[in-house]
Amino acid sequence: MEFDFKKIEEKWRKYWEKEKIYAFDIKSNKKIYSVDTPPPTVSGRMHIGHAFSYSQQDFIVRYKRMRGFNIYYPFGTDNNGVATERLIEKEKNVRSRDMPRQKFIELCFDFLRKELPLFIQDWKNIGISSDWELSYSTISDYSRKISQWSFLDLYNKKRLYRKDAPSMWCPECQTGISQVEAQDKEIESSFNDIIFQIGKEPLVIATTRPELLPACVSIFYHPMDSRYKKLKGKKAKVPLFDFEVPIMEDERVDKEKGTGIVMCCTFGDQTDMEWQKAYNLPIKEAITREGKMSLISGKYKGMKIKEARKEIIEDLRKNNLLKKQEKITHTVNVHERCGTEIEFVKSKQWFVKYLDLKKEMISWGRKLNWYPEYMRVRYENWIKGLQWDWLISRQRYFGVPFPVWYCKKCGEIIVADEKDLPVDPLQDKPGKRCKCGSSDFIPENDVLDTWFTSSMSPVIATRLLDKKFQDKVFPMSLRPQAQDIITFWLFNTVVKSNLHFKKNPFKDVVVSGFVTLKGEKMSKSKGNVIQPREVVEKFGADALRYWAASSKLGEDTDYEEKDVVTGKKFVTKILNASNFIFMNLKNFKKPKKLSEVDRLFFREFNKVIKNSTNSFEKYEYAKSKSEVDYFFWKVFADNYLEIVKNRVYNGTKEEKDSAFYTLYNILLGILKMMAPFTPFITEEIYQTHFKKNEKTKSIHLCSWPEEFKVENKKQDDEKFTSLLDVISKVRKEKSQQQKSMKAEIILTIDKKAQKILKDVLNDLKSVVSAKEIKTGKFKVEFV
C-alpha cells in the first residue's frame with residue numbers, strides 16, 4: 001500500500017508543536033537529561049552532514065525521553081560568524097567593507113529576521129525533537145550579554161591580554177584567525193635556490209617564498225653544520241634589494257632541507273616569529289593586510305602575493321641570481337573558511353592565555369565520557385600540538401563586540417560594567433572616566449571570534465531557565481557534535497567552563513562522523529552535494545533518519561540512495577503490517593496461558609528489548625536499530641505473521657486471545673523501539689491503532705518497552721531455531737519447485753526435530769500447509 005508520507009509528516013509536526021510533546025516540564029520531578037545542542041551556522045540550507053549528525057543525537061534524546069527523563073533540549077543558531085556574513089554579502093550583493101558598519105549590521109539583522117524561521121524549519125522537517133520554545137541565537141542581546149560577561153570574567157582572572165604581535169591573518173577575509181581555523185593543504189610550488197652575496201662569495205639559499213626577500217632580517221644555519229660555521233658573525237647581501245643581514249646559528253634549522261641554510265623573514269612562519277623574538281631582530285612587513293606587497297617591496301609594491309612571487313623569480317633569473325628551481329608539492333596553512341593561504345601580520349589583537357594549562361586541559365578531557373572513546377585522542381593531540389594562545393579578535397563587522405574602550409589620552413583599557421551588558425562600544429560610552437581623568441575614549445572596532453560565543457553554549461542554553469533550574473541542567477548531560485569541530489567547539493567549551501566555573505560543562509560526549517559521496521568529501525565546487533530537502537521531498541524524513549541510523553558514532557558513511565530507499569521500504573512495510581494486523585484484530589483478553597509459539601516469540605522479543613536497551617545505554621543506536629529492524633523483518637513479519645494467521649482466522653477463543661495479545665504487544669514494542677529512528681510513521685500507527693487503549697497522547701511519551709514476564713524452558717532456543725529452520729527449508733523447496741507457498745504438502749522431519757517441536761506442530765502444519773508431518777529424513781512431498 002502506498003501512502004502520502006508528506007501529509008503524515010506535516011500532520012504530526014503540527015500536532016507535536018501544538019500539544020507541546022517535546023516541551024521541558026518545569027513542574028516535573030523526573031530526572032533531567034540536558035543536551036548542549038550544537039547551534040548550526042546560518043550559512044544557507046541545511047546540508048546532508050547536518051541531517052546525519054542531528055538525527056543521530058535525536059535518536060538518543062528520544063530514547064532518553066521514553067526512558068522517563070525530563071528532557072531539556074533547546075535549539076540554538078550560530079549567526080554571528082564569517083559564514084553568515086558571507087551569506088548575506090552573497091544574497092544582498094554587497095561587501096561589508098564597502099559600506100558603513102552600522103548599515104551592514106542592520107542589513108544582517110533584517111536578513112536573519114526573515115531567514116531564520118525558514119532555516120530552522122529544515123530541522124523541524126527531519127523530526128528533531130527540541131523544545132522549540134527554548135531557543136537562542138548567538139547574536140541576540142541575550143547571547144551577547146553572556147559572551148561579553150565571559151570576556152569580563154576572563155579579563156578579571158588575568159586570562160586575557162592584548163598584544164601588538166604577529167598573528168595569523170587571512171588576506172581574503174581580512175581578519176586575524178586562531179590556530180584552530182588553520183587547515184593544512186597540499187599545493188604545488190617550487191623550491192628556488194637564490195644567490196645571496198657575502199662580499200664576492202655567493203651563498204645559495206633555498207626558499208618557496210622569494211616575495212618575502214624585502215622582509216629578510218637574518219640568515220640562520222645549524223651550529224653543527226660544518227659547511228657554514230665559517231660564516232658566523234658575517235653579513236650577507238639580499239638579492240634584488242641590496243641590503244645586508246646578519247648570519248647567525250640556531251638549532252631549529254633543518255640541515256637536510258634545501259641547502260641547509262635559511263633566511264628569516266618577518267614573518268613567513270612560526271619559526272621566523274620565534275627567531276625574531278629570541279634575537280630581538282627588526283620587524284619588516286613585506287605583505288599588507290590586503291594580501292599585497294608593501295612599500296618596502298620597491299617596484300613590486302601593490303602587487304598581489306602570487307603576482308609578486310612570479311615577477312621576483314623572473315627578475316632573479318634575469319640577474320643570474322636564480323641558480324636552480326625545483327617543482328615541489330608541500331603543505332601550507334589555509335583559512336578553513338575560504339581556503340586562502342595564511343599570512344603572518346603584525347597587529348594588535350586580543351588573546352586568551354591558556355598555553356600554560358596543557359596538563360589541566362588533558363585532565364579535563366579525561367573526566368568526560370567519550371563515545372566513541374578514540375575521539376578523546378583527537379582532543380589530546382590537538383592540545384599537545386598547541387603553539388599559540390587563542391586569538392579572539394576578528395576584524396569583521398557582524399559579531400559580538402568587545403566590551404572595551406581605550407583612553408585616548410593615556411591608552412588605558414576600559415572595560416564595561418557587568419550591569420551594562422550587552423554594550424556596543426561604537427554606539428555606547430563607558431559609564432566612568434579613565435583613571436587619568438579623561439572622558440575621551442576610542443572604541444574597540446573588532447568583534448569576538450564566533451567560537452568565543454559558541455563555546456558558551458551550555459551557559460546560554462542553561463540560562464534560558466529560571467535560576468532555580470540552572471543547577472539542575474548544568475553541567476549538561478550530553479554534548480553531541482561532529483568530529484571536525486572537536487578542536488573548535490568542544491575544546492574551547494571545556495576550557496572556558498573550567499576557567500569560569502572550575503568544572504566540565506557536560507558529562508558525555510557523542511561524536512558523529514562525516515558523510516561522503518563515492519568516498520569523497522562533498523563540496524559545491526565538485527558538484528557532489530546532496531541536499532537533504534530533496535531527499536526528504538522524495539523519500540520522507542523517516543527514510544532519511546533510517547539511513548542516518550545505519551552508521552555508528554564516529555563512523556564516516558558514504559551516501560547511497562539505495563540505503564534511503566531501504567528506509568522507505570521499512571516505513572511502508574510496518575504501516576502495511578500494522579493495518580493488516582488490526583484489520584483482523586478483534587477484542588481480546590489477556591490469555592491465562594500463552595500458546596507455545598506465542599511464548600517462544602515473546603521470549604525471543606525479550607532478547608531484542610534487552611539488547612536494544614543495552615545498546616542505547618552505551619549510545620550504540622545503530623546496533624539497537626539493527627537489532628529491532630532484523631526482528632521486525634525476519635522474525636515478526638516473515639515468520640510470526642504467517643504462523644499465526646490460521647489461529648487468527650480459525651482458532652478457538654483461547655488461541656485467538658493468545659495470538660491477538662502477542663500481535664498487539666510485540667507490534668507496539670517494535671513501534672516504540674523504532675520511534676526514535678522513524679518518529680512520523682510510528683506516531684501515525686500508534687495514534688491510529690493504539691492510543692485509544694494506551695491513553696498516552698504520543699508514542700514519544702510512552703515508556704520504553706520492558707521485558708515481558710514469560711516462562712523460560714530448557715530447550716527454548718533450540719526449539720525456536722528449529723521451528724524457523726524447518727519453515728525456511730520448506731519455503732526454499734516450494735520456491736525451487738515453483739510452487740505457491742500455500743501449496744499443500746506432506747512434510748517429513750527427523751525424530752529429534754519431531755521431539756523438540758511436539759508442542760508447536762499444529763502451528764508448523766498450518767504455516768507450511770502440511771497435510772501430515774512424518775518422521776524421517778527431511779522431505780517435502782507435494783500433494
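Residues numbered from 1 in each chain as written. Predicted model: local features only at pLDDT ≥ 70, side-chain atom pairs only at ≥ 80, totals over all residues. Heavy atoms only, no water.

A closer look at the overall build of the chain
Right, on to step 1. The secondary structure content of the chain amounts to 23 helices and 29 strands.
Right, on to step 2. With the C-alpha coordinates aligned to their principal axes, the bounding extent of the chain is approximately 110 × 60 × 45 Å.
Right, on to step 3. Within the chain, the proportion of its 783 residues that are buried is 57%.
Right, on to step 4. Intrachain contacts of the chain at a sequence separation of at least 6 include 77% that bridge at least 24 residues. (Helix = DSSP H or I, 4+ residues; strand = E, 2+ residues; numbered from the N terminus. Buried < 20%, exposed > 50% of the residue type's maximum accessible area, 1.4 Å probe, protein only. Contact = heavy atoms within 4.5 Å.)

Some details on the packing of aromatic side chains
Right, on to step 1. Tallied over the entire structure, the rule returns 53 aromatic pairs.
Right, on to step 2. Consider the rings of F104 and Y397, whose centres lie 6.1 Å apart with planes at 65 degrees: the pair is edge-to-face. Placement of F104 in helix 4 (residues 101-125) and of Y397 in the loop between strand 17 (393-394) and strand 18 (404-407) is noted, with a sequence separation of 293 residues between them.
Right, on to step 3. Residues W451 and F488 carry aromatic rings whose centres are separated by 5.0 Å and whose planes lie at 50 degrees to one another, so their mutual orientation is tilted. Within this pair, whereas W451 is found in helix 10 (residues 450-454), its partner F488 is found in helix 13 (residues 486-501), the two being separated by 37 residues in sequence. Residue W451 shares its accessibility class with F488, and that shared class is buried.
Right, on to step 4. Members of the aromatic cluster, joined through ring pairs, are Y354, W370, Y379, W382, W390, F452 and F491.
Right, on to step 5. Above the plane of the ring of W16 lies R62, whose end atom (NZ or CZ) is 5.3 Å from the centre.
Right, on to step 6. Directly above the aromatic system of F778 lies the positively charged group of K729, at a separation of 5.4 Å from the ring centroid. (Phe/Tyr/Trp six-rings, centres within 6.5 Å; stacked < 30°, edge-to-face > 60°. Lys NZ or Arg CZ within 6 Å of the ring centre and 35° of its normal.)

Regarding helix 14 (residues 532-539)
Right, on to step 1. Of the positions making up helix 14, those classed as buried are P532, V535, V536 and F539. Buried residues in helix 14, looked at end-on, bunch into an arc of 95 degrees, giving them a common side.
Right, on to step 2. Against the buried residues of helix 14 lie helix 1 (5-18), helix 2 (48-66), helix 15 (541-548) and helix 16 (561-584). (Arc of directions from axis to C-beta.)

Thoughts on the nonpolar core
Right, on to step 1. Core analysis: the largest hydrophobic core is formed by 197 residues, its most contacted members being F151, F636, L747 and L764.
Right, on to step 2. Excluding residues that lie within four positions of it along the chain, L747 makes contacts with V726, V730, L764, V768, A770, E772, I773, K774, F778, K779 and V780.
Right, on to step 3. By size, the runner-up hydrophobic cluster in this structure holds 35 residues, among which are L212, A236, F241 and A286. (Core = buried A, V, L, I, M, F, W, Y, C linked by side-chain atoms within 4.5 Å.)

Points about the pairing of strand 8 (residues 201-207)
Where a strand is regular, its side chains alternate between the two sheet faces.
Right, on to step 1. By the criterion of burial, strand 8 is predominantly enclosed, with five of the seven residues buried.
Right, on to step 2. Two elements, strand 7 (residues 182-198) and strand 8, share seven bridges in a ladder whose sense is antiparallel. What sits directly across from Q197, in strand 8, is P202. (Pairing = 2+ DSSP bridges.)

Considerations on the packing of helix 18 (residues 621-650) against helix 21 (residues 716-736)
Right, on to step 1. As a packed pair, helix 18 and helix 21 sit with axes 12 Å apart at the nearest point and diverge in direction by 85 degrees. The orientation of helix 18 relative to helix 21 falls into the category roughly perpendicular. In this structure, helix 18 contributes V635, D638, N639, E642 and I643 to the contact, and helix 21 contributes F720, L723, L724, I727 and R731.
Right, on to step 2. Classifying every residue of the contact of helix 18 with helix 21 by side-chain character gives six nonpolar, one polar and three charged. (Axes fitted to C-alpha atoms, helices over the stretch in contact; angles between N-to-C directions. Parallel < 35°, antiparallel > 145°, perpendicular 65-115°, else oblique. Nonpolar A, V, L, I, M, F, W, Y, C, P; charged D, E, K, R; others polar.)

Quick look at helix 3 (residues 82-92)
Right, on to step 1. Buried within helix 3 are the following residues: V82, A83, T84, E85, L87, I88 and E89.
Right, on to step 2. Those residues of helix 3 hidden inside the fold are in contact with helix 4.
Right, on to step 3. N93 occupies a position one or two residues after helix 3 and carries a positive phi of about 55 degrees.

Some remarks on the environment of D122
Right, on to step 1. With respect to the helices, strands and loops of the structure, D122 is situated in helix 4.
Right, on to step 2. Between the C-alpha atom of D122 and that of T652, which follows or precedes it by 530 residues, the distance is 52 Å.
Right, on to step 3. Among residues more than four places away in sequence, those in contact with D122 are R45, M46 and R533.

Points about the pattern of salt bridges
Right, on to step 1. Scanning the model with the defined rule gives 54 salt bridges in all.
Right, on to step 2. We note a salt bridge from K306 to E341, for which the minimum N-O separation is 3.7 Å. Placement of K306 in helix 7 (residues 305-318) and of E341 in the loop between strand 13 (322-335) and strand 14 (343-352) is noted, with a sequence separation of 35 residues between them.
Right, on to step 3. Judged by relative accessible area, which is 57%, K306 ranks as exposed.
Right, on to step 4. Salt-bridge contacts for K623 lead to E620; the nearest nitrogen and oxygen are separated by 3.3 Å.
Right, on to step 5. Its relative accessible area of 49% is what places K623 among the partly exposed residues.
Right, on to step 6. Via salt bridges that share partners, E596, R599, R603, E604, K607, K713, D716, D717, K719 and D759 belong to a single interconnected network. (Salt bridge = Lys/Arg side-chain N within 4 Å of Asp/Glu carboxyl O.)

Considerations on the sheet that holds strand 27 (residues 745-749)
Right, on to step 1. The strand order across the open sheet built from three strands is 28-27-29, with neighbouring strands paired in mixed fashion. Each edge of the open sheet carries a strand with a single partner, namely strand 28 (770-775) and strand 29 (779-782). Ignoring which end each strand starts from, the neighbouring axes of this sheet average 20 degrees apart.
Right, on to step 2. Of the strand pairs in this sheet, strand 27 and strand 28 are connected by five bridges, and their pairing is parallel. Opposite I745, over in strand 28, you have A770 as the bridge partner.

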